[in-house]
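# Architecture and fold: a report
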Amino acid sequence: MNDTDDPAIWINPTDASKSIIFGTDKETNGAIYAFDLDGKIIEDKTIRNIERPNNIDLTYGFTINDSTKVDIIAFTEREKNQVRVFSVPDMKPLDNGGFKVFEDETNPEFKAPMGIAIYHSPINQKVYLIVGRKTGPKENYLYQYELVANTEGTNLKLVRKFGNFSGKKEIEAIAVDNEMGYIYYSDEQHGVRKYHAEPEKGNKEIAVFGLDKFESDIEGIAIAKTASKKGYIIVSDQQRGQFNVFDRATNEYLTALNLTTLETDGCDVVTTPLGSKFSNGIFVAMNDAKNFYVYDFGKIEAAIKAATTSK
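Described in the following lines is the structure provided in the data block. Note that this is a predicted model, so its numbers are computed, not measured.

Calculation notes
- Residues numbered from 1 in each chain as written.
- Predicted model: local features only at pLDDT ≥ 70, side-chain atom pairs only at ≥ 80, totals over all residues.
- Heavy atoms only, no water.
- Pairing = 2+ DSSP bridges.
- Helix = DSSP H or I, 4+ residues; strand = E, 2+ residues; numbered from the N terminus.
- Axes fitted to C-alpha atoms, helices over the stretch in contact; angles between N-to-C directions.
- Core = buried A, V, L, I, M, F, W, Y, C linked by side-chain atoms within 4.5 Å.
- Buried < 20%, exposed > 50% of the residue type's maximum accessible area, 1.4 Å probe, protein only.
- Contact = heavy atoms within 4.5 Å.
- 1 Å grid on protein atoms, 1.4 Å probe; cavity = no way out; pocket = protein on both sides within 12 Å on 5 of 7 lines; lining within 4 Å.
- Points joined across faces, edges and corners; volume = space filled by probe spheres on them.
- Nonpolar A, V, L, I, M, F, W, Y, C, P; charged D, E, K, R; others polar.

### Here we look at the sheet that holds strand β15 (residues 191-196)
Within a sheet, adjacent strands bond to each other through the backbone by hydrogen bonds, running parallel or antiparallel. The strand order across the open sheet formed by 4 strands is β13-β14-β15-β16, and the pairing between neighbours is antiparallel. For this open sheet the edge positions go to β13 (171-177) and β16 (207-209), each flanked by a neighbour on one side alone. Between one strand axis and the next, the sheet turns through 25° on average, direction left out of account. Bridge analysis of strand β14 (residues 182-187) against β15 gives 6 bridges, and the strand direction is antiparallel. Looking across to β15, one finds that Y182 is bridged to H196.

### Let's talk about the nonpolar core
Counting 19 residues, the largest nonpolar core has I72, V83, V85, L129, L147 and L156 as its most contacted members. Elements represented by at least two residues in this core include exactly β6 (68-77), β7 (82-88), β9 (113-120), β10 (127-133) and β11 (142-150). Contact partners of I72, with chain neighbours within four places excluded, come to D57, L58, T59, F62, V85, F86, S87, V88, L94, V127 and L147. Core analysis: the second largest hydrophobic core is formed by 17 residues, A222, V245, L259 and F297 among them.

### Observations regarding the sheet that holds strand β19 (residues 242-247)
Strand order in the open sheet formed by 4 strands is β17-β18-β19-β20, with antiparallel pairing between adjacent strands. Edge positions in the sheet fall to β17 (218-227) and β20 (253-257), since each of these pairs with one other strand and no more. With direction set aside, neighbouring strand axes in the sheet form an average angle of 20°. Sheet analysis places β19 next to β20, joined by 4 bridges and oriented antiparallel. Residue F246 lies in a different strand from β20, and its bridge partner there is Y253.

### A few points about the layout of surface pockets
As a volume, the largest pocket reaches approximately 810 Å³. Lining the largest pocket are 38 residues, and of these D57, L58, V176, K225 and D268 sit closest to its centre. Breaking the lining of the largest pocket down by element, the ones donating at least two residues are β1 (4-10), β5 (53-65), β9, β13, β17 and β21 (267-270). In terms of lining residues, the second largest pocket is bounded by 10 residues, among which F35, G39, N291, F292 and V294 are the most central. Looking at which element gives the most residues to the lining of the second largest pocket, the answer is strand β23 (residues 291-296), with 3 residues. Residues belonging to the lining of the second largest pocket are distributed by class as follows: 6 nonpolar, 3 polar and 1 charged.

### So, the pairing of β19
In terms of burial, β19 is largely enclosed, as 5 of its 6 residues are buried. In the sheet, strand β18 (residues 230-237) pairs with β19 via 6 bridges, with the strands oriented antiparallel. If you follow D237 over to β19, its bridge partner there is Q242. If you look at the hairpin formed by β18 and β19, you'll find 4 residues sitting between the two strands, and G241 has a positive phi there, around 70°. Between β19 and β20, which pair antiparallel in sequence order, lie 5 residues; one of them, N251, sits at a positive phi of approximately 65°.

If you want it as structure tokens, here you go:
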């Protein structure tokens, strides 16, 4: 890989040990690489010739029609000002070549998508793509689109614009807590911002946290769910080469972890057992050597508990 950026983890429903780690290669002639849990490239699941794929996310059970549901990945293709959607694990495009985003934006610099996350509503099962951009305005930095399937295929419908921006650097990392109904994103060099994921709940900012916990850039966000409303929000403190950990329910700062990665951009986590090798799930983080590191989540959780109980 030439320029790793962001991972997403797909859990194989029939054999979790055969789950897939997807990772973006952020080049003009880039790719979405698929890796097995040993880190080997799965060539027939890899998507090549993508023009600067930036961030990636996935969800399960998107309804294509009355009788068909598929798991999907969605990622930004920055140099084409669009997002892509593919089914998993057969890797078939569902987007007819791509969905354009920020089409109503008059400033050309504000059209290039960067971050992306998927919200799969537990209330009505709707699937939304929350898309950020490389640079944007102080307000409405993010657009939320509903992914809609009908007899003619799949398309995107803009449902709202929201999200404050400090103007200090950029917004890339976006993460969604489906069960709790929140969107989090990193306003780099400022803080982690929190909003409702349901459009009907409004666009008012709920909170900003971590304001004094990062050296400079606030990067990848991973939400580790250890129970229905318990767990951790793990956020990359890029310049320190570590991760700040916040309580999932309260957003209270818990501790910082050094996991040996450097300059981490994107990260992802699953707490589901993935076979005997990763019986407690995995945490995946981009490293500045243009690769991804995979960690046993059980060891990470043990380190968090040890750090917080010793305080």
